[in-house]
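Below, each chain spelled out in residue letters.
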Amino acid sequence: MKKFKYSEITPENIYKNRRKFIKNMGLAAGSMFIGQNLVTSASANTNKEELKLTDYRYVTTYNNYYEFGTGKSNPVERSQKFKTTPWDVVIDGEVENPIKISMDEILEMFPSEERIYKLRCVEGWSMVIPWLGFPLNKILKKALPTNKAKFVKFISVLDPEQMIGQRFPILDWPYKEGLRLDEAMHDLTILVTGLYGKKLPNQNGAPLRLMVPWKYGFKSSKAIVNIKLVDKMPTSSWMKASPNEYGFYSNVNPAVDHPRWSQATERVIGGGIISPRIPTTMFNGYGDEVANLYTGMDLKKYF
Amino acid sequence: MKSIFKPGVFTLCLIPFFIITYKIFLNKLGPEPVKEITHFTGEWTLIFICITLSMSPLKRFTNFTFWIKIRRMLGLFVFFYATLHLLTYVVIDYRLDWSQIIDDVVKKKFIFIGFAAWLLLIPLVLTSSQKMIIALKHNWKRLHKLIYIIAIFGSLHFIWLSKTIYFKPLIYLIIIIFLLILRINFKRIISKTR
């Protein structure tokens with residue numbers, strides 16, 4: 001396992017921008033970043049020595065975010081005026097201590113750290129992104145889940161005024177996703193507040209999104225407003241749209257094909273026409289950390 | 001006049017090819033260039049199918065024989081773009097990884113039907129010459145009705161690969177069905193039933 005410095009692989013201009021950002025964040029947040037920005041989370045980078053960060057411009061212009069339209073460039077084109085302040089997040093359901101917390105409070109209470117994760121889309125492409133975020137379990141623990149809580153449901157914002165895609169019944173709006181409680185509590189599961197050392201761009205799910213690196217990208221909800229602890233397995237928007245194509249677990253798994261396309265390989269975004277497909281790895285390469293969550297489970301059945 | 005028309009249409013038909021070549025060499029294909037080439041050539045195949053199928057209705061409605069004279073060339077361009085589309089998938093995308101390709105063709109219905117459509121184009125290309133038209137006589141016409149099946153297969157290929165909304169792929173299917181309906185000789189059907 002090799003730890004590598006972000007500064008080694010970051011284009012200089014982006015790196016400079018990030019320093020500026022840190023300055024803007026104020027001293028307290030700044031010192032927090034300086035402490036952590038140079039070394040990535042070791043556990044997050046198992047076998048990833050070869051990973052090369054995807055260009056910032058691709059990370060922020062090639063997005064699946066159907067609230068703003070189904071084209072890959074729709075989110076960047078249509079989300080720039082999207083209002084992310086004020087923003088409250090409610091954590092409720094099977095909890096002893098329901099919380100309503102503002103984005104400002106979240107940023108203050110839960111210091112963000114950098115996590116370089118590979119994002120594998122169910123469509124067969126992948127990116128490597130330096131996220132800023134914090135483990136979801138930190139905020140869940142504050143709400144004190146009861147012993148009835150078995151799953152976590154994520155509900156994204158419903159705002160057809162601002163989100164043109166929500167005016168069409170493409171999916172069951174607002175966007176809903178879910179995790180099993182142990183998946184949600186796992187240290188690799190993070191709530192994201194930024195990327196590339198900057199505030200999270202609107203097209204990437206600002207102000208708060210999920211990132212579950214061993215699952216297909218659609219599991220990582222964007223613009224989250226409600227995190228609900230529940231006793232039954234929630235039905236996600238994609239499960240509802242097409243139950244035989246999108247399962248609840250949706251773990252990255254090269255051996256289980258999507259009914260319409262193979263998942264054995266993936267194309268690396270930004271590689272250009274010359275770069276070949278690479279083999280997709282079980283749990284997107286995070287098997288060492290998460291495979292034990294699924295011991296004894298038939299992952300073909302629970303896809 | 002005759003000498004200008006055909007080369008003119010031929011050049012027009014090559015424009016999409018020039019556009020994609022230009023984009024490849026100037027690196028203007030964005031984050032997923034391979035997918036971009038695949039979609040581009042695939043969509044132009046469907047467009048050429050629609051154009052080719054429009055020729056005989058156009059002749060009927062305008063009484064110009066010009067349409068029929070360029071029909072063969074248009075049909076061959078269907079095969080040209082379909083082959084570019086297939087080659088993009090086989091050579092650029094999957095790097096001749098035959099086990100994966102065969103697996104896809106067998107298991108994925110949208111790839112199966114797309115490949116079937118390409119295979120069905122081959123007999124049409126092989127029998128496209130004047131010589132073959134004469135040699136096959138009325139069978140030639142029968143054989144070339146395959147283009148209707150190919151057209152339906154092509155639009156299904158597009159519909160089945162789409163993730164949620166089928167708006168654009170459905171438009172192709174609707175156009176194709178419309179062009180096929182135009183071929184039905186209603187007068188004959190009515191007189192037969194009487």
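Criteria and thresholds
Throughout, a residue's number is its position along its own chain's written sequence, starting from 1. Chains carry letters from A onward and ligands carry numbers from 1 onward, assigned in written order. Per-residue local features are limited, in this predicted model, to residues with pLDDT of at least 70; the limit for side-chain atom pairs, both in listing and counting, is 80 or more; totals at the level of whole chains, interfaces and linings are taken over all residues. Strands are runs of DSSP state E lasting at least two residues, helices are runs of H or I lasting at least four, and both sets are numbered from the N terminus onward. Our exposure labels follow a C-beta count within 10 Å of each residue's own C-beta, placed from the backbone: buried means 20 or more other C-beta atoms, exposed means 12 or fewer, and partly exposed covers the counts in between. Residues are defined as contacting one another if the C-beta atoms placed from their backbone atoms lie within 7 Å. Only when DSSP finds a minimum of two bridges between them are two strands counted as paired. To estimate how far a helix should extend, the number of its residues minus one is multiplied by 1.5 Å. A residue's bend is simply the angle between two axes: one fitted to the seven residues ending at it, one to the seven starting at it. To get an axis, a line is fitted to the C-alpha atoms, and for a helix only the part in contact is used. The angle between two axes follows their N-to-C directions and goes from 0 to 180 degrees. A residue's pLDDT is simply how confident the predictor is in it, with values from 0 to 100. We call a crossing left-handed when the near helix sits turned anticlockwise from the far one by less than a right angle, and right-handed when that turn is clockwise. Here the term charged refers only to Asp, Glu, Lys and Arg, the term nonpolar to Ala, Val, Leu, Ile, Met, Phe, Trp, Tyr, Cys and Pro, and the term polar to all other amino acids, Gly among them.

Student: Would you mind going over the overall build of chain B with me for this structure?
Tutor: Across its full length, chain B holds 10 helices and 0 strands. Listed by position from the N terminus, the elements making up chain B come as α-α-α-α-α-α-α-α-α-α. Counting only residues that meet the buried cut, chain B has 25% of its 194 residues in that class. Pairs at least 24 residues apart make up 62% of the contacts formed inside chain B by residues separated by at least 6 positions.

Student: Would you mind going over the pairing of strand S5 (residues 151-156) of chain A with me for this structure?
Tutor: Both faces of the sheet carry side chains from a regular strand, because those side chains alternate between them. Residue and element names in this part refer to chain A. Taken across its 6 residues, S5 has 6 buried, putting it largely inside the fold. Burial along S5 is two-sided: the residues Phe151, Lys153 and Ile155 and Val152, Phe154 and Ser156 are all buried. Here 5 bridges tie S5 to strand S6 (residues 176-180), and the two strands are oriented antiparallel to one another. Bridge pairing in S6 places Val152 opposite Leu179.

Student: What is the right way to read helix H3 (residues 66-93) of chain B from this model?
Tutor: In an α-helix there are 3.6 residues to a turn, and that puts residues three or four apart on one side. Residue and element names in this part refer to chain B. Compared with the 40 Å implied by 1.5 Å per residue over 28 residues, the 39 Å span of H3 between its first and last C-alpha is a close match. Roughly 35° is the biggest bend found in H3, and it falls at Arg72. Remark: Arg95 follows H3 within two positions and exhibits a positive phi of approximately 45°.

Student: For this particular structure, what's the right way to read the sheet that holds strand S2 (residues 99-102) of chain A?
Tutor: Residues and elements named next belong to chain A. One open sheet accounts for 5 strands, arranged S2-S1-S10-S5-S6; its pairing is mixed. Looking along the sheet, the strands with just one partner apiece sit at the ends: S2 and S6. Taken over all neighbouring pairs, the strand axes of this sheet differ in orientation by 15° on average, direction set aside.

Student: Please explain the confidence of the model for chain B as it appears in this structure.
Tutor: If pLDDT is low for a region, its predicted coordinates should not be looked at in detail. Mean pLDDT over chain B stands at 91; residues scoring 70 or higher make up 94%. Across the interfaces of the predicted complex, the ipTM metric reaches 0.83, alongside a pTM of 0.84.

Student: It is not clear to me how unusual backbone geometry should be interpreted in this structure. Could you clarify?
Tutor: Backbone phi values are negative for most residues with the exception of glycine, while trans is the configuration of most peptide bonds. Cis geometry marks the peptide bond from Trp173(A) to Pro174(A); its omega dihedral reads -5°. That bond from Ala206(A) to Pro207(A) is cis: its omega, 5°, falls within 30 degrees of zero. Checked against the element boundaries, Pro207(A) lands in the loop between strand S8 (198-199) and strand S9 (209-211). Even without being a glycine, Arg95(B) presents a positive backbone phi close to 45°. With respect to the element layout, Arg95(B) can be found in the loop between H3 and helix H4 (98-107). The residue Leu96(B) is not glycine, and still its phi comes out positive at about 55°.

Student: Whenever I open this one, the packing of H3(B) against helix H5 (residues 109-126) of chain B confuses me. Can you help?
Tutor: A pair of packed helices can be characterised by two numbers: the angle between their axes and the separation between those axes. Residue and element names in this part refer to chain B. Where H3 meets H5, the closest approach of the two axes is 10 Å, and the angle between their N-to-C directions is 145°. Between H3 and H5 lies a crossing whose hand is left-handed. Contacts from Gly75, Leu76, Val78, Phe79, Ala82 and Leu86 in H3 reach Trp118, Leu121, Leu124 and Val125 in H5. For the contact of H3 with H5, a count of residues per class yields 9 nonpolar, 1 polar and no charged.

Student: Explain the interface of chain A and chain B to me, please; I cannot follow it from the model alone.
Tutor: When the parts come together, some accessible area is lost, and that loss is often what is quoted as the size of the interface. Taken together, the contact between chain A and chain B spans 17 residues of the former and 17 residues of the latter. Residue classes in the side of chain A that touches chain B are distributed as 10 nonpolar, 4 polar and 3 charged.

Student: Even after reading the chapter, I still don't get the environment of Phe167(B), so can you show me in this structure?
Tutor: Among the secondary structure elements, Phe167(B) is positioned in helix H9 (residues 167-181). Between the alpha carbons of Phe167(B) and Glu36(B) there is a distance of 19 Å; along the sequence they are 131 residues apart.

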